[in-house]
Amino acid sequence: MERNSTTAPAAPHAPGTAAPDRPAPRWRRRLVTALTVAGPGLIAANAGNDAGGIATYASAGAQYGYRTLFFMLLVTVALVVVQEMCARLGAYTGVGLGGLIREQFSVRVSAFALLCLIIANLGLVVSEFAGIGAALELFGASRYITVPLAAMGVWALVVFGSYRYAEKIFLVLSLAFFTYPLAAVLAHPDWGQAGAQLVWPHFVASKDFLLLGVALIGTTITPYMQFYVAAAVADRGIGPAEYPREKTDTIVGTIFANIISMFIIIATAAAITTRAPLASAAQAASALKPVAGRFAEQLFGLGLLGASALAAAVVPLSTSYAVAEAVGVESSVSRRFGEAPLFLGLFTAQVFIGATIALIPGNLIQLLVRAQVVNGLITPILLAYVLTLANRRSVLGDGANGPVFRVVATVCVSVTAVLSAVVLLQTLLSWLSIG
């Protein structure tokens, strides 16, 4: 007998048959929404937490406890402002920073900007592969095997993949950063003291503290992040109509990345009670053993591996984007070698050179912190170009900086420049006194 579907109650779901459609749980819908929004902004910001970044944040916690957290709060505001301007430039013009600088400034200015970027990125490419090697050594693997394999993997991902595919891999690598909040919780820090020093300055009047402060700027507001996010937004085809979603990606990604940075500082500050610089990644990992247990090294190593692998692709890509755009040739991850020989050739050379130099023994932590200081000195120069471009209506039209945003951006760039100039002056005076 046929049932009347309008009056009979629904039959229970029988095993082996398709379940009726049900609305997805709220957490799943939010996760899907977040993943659809995530893109160049999140990738660029997380790439800033690279091997050098982790080394610098860990060293800040080891040397000065929670004192640098307030500094990181200020840097977060500056980074949000800078990254948003760069993403907006890429979306409204369809061109990366390298191309915009070439179009809007003289050839000499363009060459100077590129030289600054290449200098800033040169040591970073090496440090990313050194970070990969250091991370896998915590798992007992030799860097002389893992670094060449990692270099081949990064190279193949970019050369043989499309931007969409590479972006998905980059986003997966970003998941490794969740190990640091876990490490911070396991370290049982003094949350009251950490919170107090986050919202109120507890600076130290010393040259070393100031030098570390500029290193934190250098590893948080890095030139390659700005070049990458503008070029990646353009490469992805994001225009003014899609920009509101990309703006969310950029701001949320930046805040997330800097929260991770703060957790790294908190974890090492709580775990390391003897205030002194770190000598190696293994030392930082070992310091977590009493609080994170026998898997402390693996926990630290996993985060370092994911961060280094992400930046090992993003840093050389930012250089390739900038140079190819400045020269006026094809620049896209979605192109093949024959279509973009300079872009992919330069990427290949950087990966090969970086991986080769990374195999040379040395003090990884101190080398990476010094590289971030160099970044901190070069960053204000490149930010001046970004600010000038974002202020020009001839470049962005209605998307140009408004009066209030222009003041905020100018203050952020100026403070960064002043801090960098003070450290540069102190460094020069120390050299003269030694001589």
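This text follows the structure it describes.
Rules used throughout
Residues numbered from 1 in each chain as written. Predicted model: local features only at pLDDT ≥ 70, side-chain atom pairs only at ≥ 80, totals over all residues. Heavy atoms only, no water. Salt bridge = Lys/Arg side-chain N within 4 Å of Asp/Glu carboxyl O. Buried < 20%, exposed > 50% of the residue type's maximum accessible area, 1.4 Å probe, protein only. Helix = DSSP H or I, 4+ residues; strand = E, 2+ residues; numbered from the N terminus. Axes fitted to C-alpha atoms, helices over the stretch in contact; angles between N-to-C directions. Parallel < 35°, antiparallel > 145°, perpendicular 65-115°, else oblique. Left-handed = near helix turned anticlockwise from the far one by under 90°. Nonpolar A, V, L, I, M, F, W, Y, C, P; charged D, E, K, R; others polar. Contact = heavy atoms within 4.5 Å.

Caption draft 1: Main features of the pattern of salt bridges. Per the counting criterion, the structure on display carries three salt bridges. Residue R393 pairs with D398 through a salt bridge whose shortest N-O separation is 3.7 Å. With respect to class, R393 is no different from D398; both count as exposed.

Caption draft 2: Just the environment of G90, in detail. Its place among the elements puts G90 in helix α4 (residues 69-93). The exposure class of G90 is buried, given its relative accessible area of 0%. Expressed as a C-alpha distance, the spacing of G90 and A234, which sit 144 residues apart in the sequence, is 5.0 Å.

Caption draft 3: Representation of the environment of V411 within the structure. Mapped onto the elements, V411 comes out in helix α20 (residues 403-434). Here V411 falls in the partly exposed class, since its relative accessible area comes to 47%. Between the C-alpha atom of V411 and that of A78, which follows or precedes it by 333 residues, the distance is 8.9 Å.

Caption draft 4: Broad picture of the packing of α4 against helix α13 (residues 243-271). Contact pair α4 / α13: the axes reach a minimum separation of 9 Å and the direction vectors enclose 155 degrees. Classified by the interaxial angle, the pair formed by α4 and α13 is roughly antiparallel. Once α4 is placed against α13, the crossing between them reads as right-handed. Residue classes in the contact of α4 with α13 are distributed as 15 nonpolar, six polar and three charged.

Caption draft 5: Layout of the packing of α4 against helix α11 (residues 207-220). One way to put it is that α4 packs onto α11 with a least axis distance of 11 Å and a crossing angle of 35 degrees. Every pair of crossing elements has a handedness; the one defined by α4 and α11 is right-handed. Together, F71, M72, V75 and L79 of α4 and G213, L216, I217 and T220 of α11 make up the contact between the two elements. The residue makeup of the contact of α4 with α11, split by class, is six nonpolar, two polar and no charged.

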